[in-house]
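Architecture at a glance
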Amino acid sequence: MKTRIYLVAAVMALMLTAGAGSAMASMTYSLTTDNCSGGCNPGAPGTSMGTVVLAQNTAVNPTGDVGVTITLVSPLKFVNTGLDDVIDFNLTGSPTITVDNFTNTNFKLDSGTAGSHHFDGFGSFQYAIGLLASLGSGAGSAQPSPLSFDVHASGLTEGSFTTNTTDWFFGVDVINTTTGRTGPIGSDNGSGGTLSGGGAPVPEPASILLLGSVFLGLTTILRKKSQRSA
């Protein structure tokens, strides 16, 4: 009888773990390089001006869907200063992508195919997010932080985001709304890419609680049976 109960417990544990939602790792990149004329960083040189966080949208697709959230420190805002675009990045394998779910509808994907988008001081990137042309450029086009959007491509994961040929992960065009200075900031291979949240899928808290309840119940049954046998 005990062997059967232990077997049932093991099977239920496997089922619960397999059916549990997953909390995947996220990647956080720090925007520490300031290529603005005169400097945009409101803090000390070399300190972070914001972050880019990548997180797999497992509820949508185990692979193929990555959420991107870019948060700038105050008083920085996104802006179009006349560069090709506002946010640039590269992807391993140069896939065709789509981008949606912008939290600010003034942003758009400029091209879903890998190309060459120049970003002053950072070389060129394959993919670019821009502002609507109707917003113009300069201070009048400034957009608040944070900004989130989803990137879709076959097999896409957080690790698909990679450096360009000059070793930069991301370029972001910004304005310091206090000083009026504008220009690109970015994350290089040494200042970003911090893995957080683990890496392997783990059961959600609710699933862990349910699993614990199952084992508690089985333990109680075993104890009662042992007492009857004594």
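Up top is the structure.
Residues numbered from 1 in each chain as written. Predicted model: local features only at pLDDT ≥ 70, side-chain atom pairs only at ≥ 80, totals over all residues. Heavy atoms only, no water.

Quick notes on the side chain of Asp 85
Defined as follows: Secondary structure is summarised from DSSP: a helix means a run of H or I of at least four residues, a strand means a run of E of at least two, and numbering begins at the N terminus for each. Categorising residues by exposure relies on relative accessible area from a 1.4 Å probe, with only protein chains included: less than 20% of the type maximum marks a residue as buried, more than 50% marks it as exposed, and the intermediate range marks it as partly exposed. His is not counted, nor are the chain ends, whereas Lys and Arg count as positive and Asp and Glu as negative. Put simply, a salt bridge is a Lys or Arg side-chain nitrogen that is within 4 Å of an Asp or Glu carboxyl oxygen. Pairs of N or O atoms within 3.5 Å make up the polar contacts considered here, provided that, within protein, one atom can donate a hydrogen while the other can accept it, and that residues adjacent in sequence are counted only when both atoms are side-chain atoms. A contact between two residues is defined here by any heavy atoms of the two lying within 4.5 Å.
Checked against the element boundaries, Asp 85 lands in the loop between strand 5 (76-80) and strand 6 (87-91). The buried charged residue Asp 85 lacks any salt bridge partner; its closest oppositely charged side chain belongs to Lys 108, at an N-O distance of 5.7 Å. A polar atom in the side chain of Asp 85 sits 3.1 Å from the side chain of His 117. Each residue touching Asp 85, except ones within four places of it in the same chain, is listed here: Asp 110, His 117, Phe 119, Ala 128, Ile 129, Gly 130 and Asp 173.

Notes on the packing of aromatic side chains
Basically, it comes down to this: Side-chain rings of Phe, Tyr and Trp (the six-membered ring for Trp) are treated as a pair once their centres are within 6.5 Å; stacked means planes under 30 degrees apart, edge-to-face means over 60, and tilted covers the remaining angles.
Here the structure, examined in full by the defined rule, presents 10 aromatic pairs. A ring pair is formed by Phe 102 and Phe 149, whose centres lie 5.4 Å apart and whose planes are at 40°; its orientation type is tilted. With Phe 102 in the loop between strand 7 (98-100) and strand 8 (107-109) and Phe 149 in strand 13 (residues 147-152), this pair connects stretches of sequence that are 47 residues apart. Residue Phe 102 shares its accessibility class with Phe 149, and that shared class is buried. Members of the aromatic cluster, each reached through a chain of ring pairs, are Tyr 29, Phe 89, Tyr 127, Phe 161, Phe 169 and Phe 170.

Digging into the state of the cysteines
Worth spelling out the cut-off: Cysteine sulfurs are considered disulfide-paired once they come within 2.5 Å of each other.
Counting across every chain of the model gives one disulfide. For Cys 36, the disulfide goes to Cys 40, at an S-S distance of 2.1 Å. The chirality of the disulfide connecting Cys 36 with Cys 40 is left-handed, given an S-S dihedral of about -100°. Take Cys 36 and Cys 40: they sit in the same class, and that class is buried.

Structural notes on the environment of Tyr 29
Looking at where Tyr 29 falls in the secondary structure, it is placed in strand 1 (residues 26-30). Considered as a pair, Tyr 29 and Phe 170 are 141 residues apart in the sequence and their alpha carbons are 8.5 Å apart.

Re the pattern of salt bridges
On inspection of all chains with the given rule, the structure shows one salt bridge. Where Asp 110 meets Lys 108, a salt bridge forms, and the shortest distance between an N and an O atom there is 2.4 Å. Classification of Lys 108 by relative accessible area gives partly exposed; the value is 32%.

Observations regarding the environment of Ala 142
Following the sequence through the fold, Ala 142 ends up in strand 12 (residues 138-143). Put simply, Ala 142 and Thr 177 are 35 residues apart on the chain and 8.6 Å apart in space, counted from C-alpha to C-alpha. For Ala 142, the residues in contact, after removing those within four places along its chain, are Lys 77, Phe 78, Val 79 and Ile 175.

Remarks on unusual backbone geometry
Of note, the amide linkage connecting Ser 74 to Pro 75 takes the cis form, showing an omega dihedral of 10°. Counting through the fold element by element, Pro 75 comes out in the loop between strand 4 (65-72) and strand 5. One non-glycine residue, Ser 94, adopts positive backbone phi at about 50°. Position of Ser 94 relative to the elements: it lies in the loop between strand 6 and strand 7. Among the residues examined, Ser 94 registers a relative accessible area of 38% and is labelled partly exposed. Non-glycine residue Asp 167 carries a positive phi angle of around 75°. Relative to the elements of secondary structure, Asp 167 occurs in the loop between strand 14 (161-162) and strand 15 (168-176).

Focus on the nonpolar core
Convention followed: Put simply, a nonpolar core is a bunch of buried Ala, Val, Leu, Ile, Met, Phe, Trp, Tyr and Cys residues held in one set by side-chain atoms that sit within 4.5 Å of each other.
The biggest cluster of nonpolar side chains holds 36 residues, and the ones touching the most others in it are Ile 87 and Phe 149. Looking at this core, the elements that each hand over two or more residues are strand 1, strand 3 (50-56), strand 4, strand 5, strand 6, strand 11 (127-131), strand 13 and strand 15. In contact with Ile 87, other than residues within four places in its own chain, are Ile 70, Phe 78, Phe 107, Tyr 127, Ala 128, Ile 129, Leu 147, Phe 149, Gly 171 and Val 172.

So, the pairing of strand 16 (residues 182-188)
For clarity, the threshold we go by: Here, any two strands with at least 2 DSSP bridges between them count as paired.
Of all seven residues in strand 16, five are buried, a share of seventy percent or more. Across two bridges, the pairing between strand 2 (residues 33-34) and strand 16 is antiparallel. Directly across from Asp 34, in strand 16, lies its bridge partner Ile 185. Following strand 15, the chain reverses through five residues before pairing antiparallel with strand 16; Gly 180 in that reversal takes a positive phi of roughly 80°.

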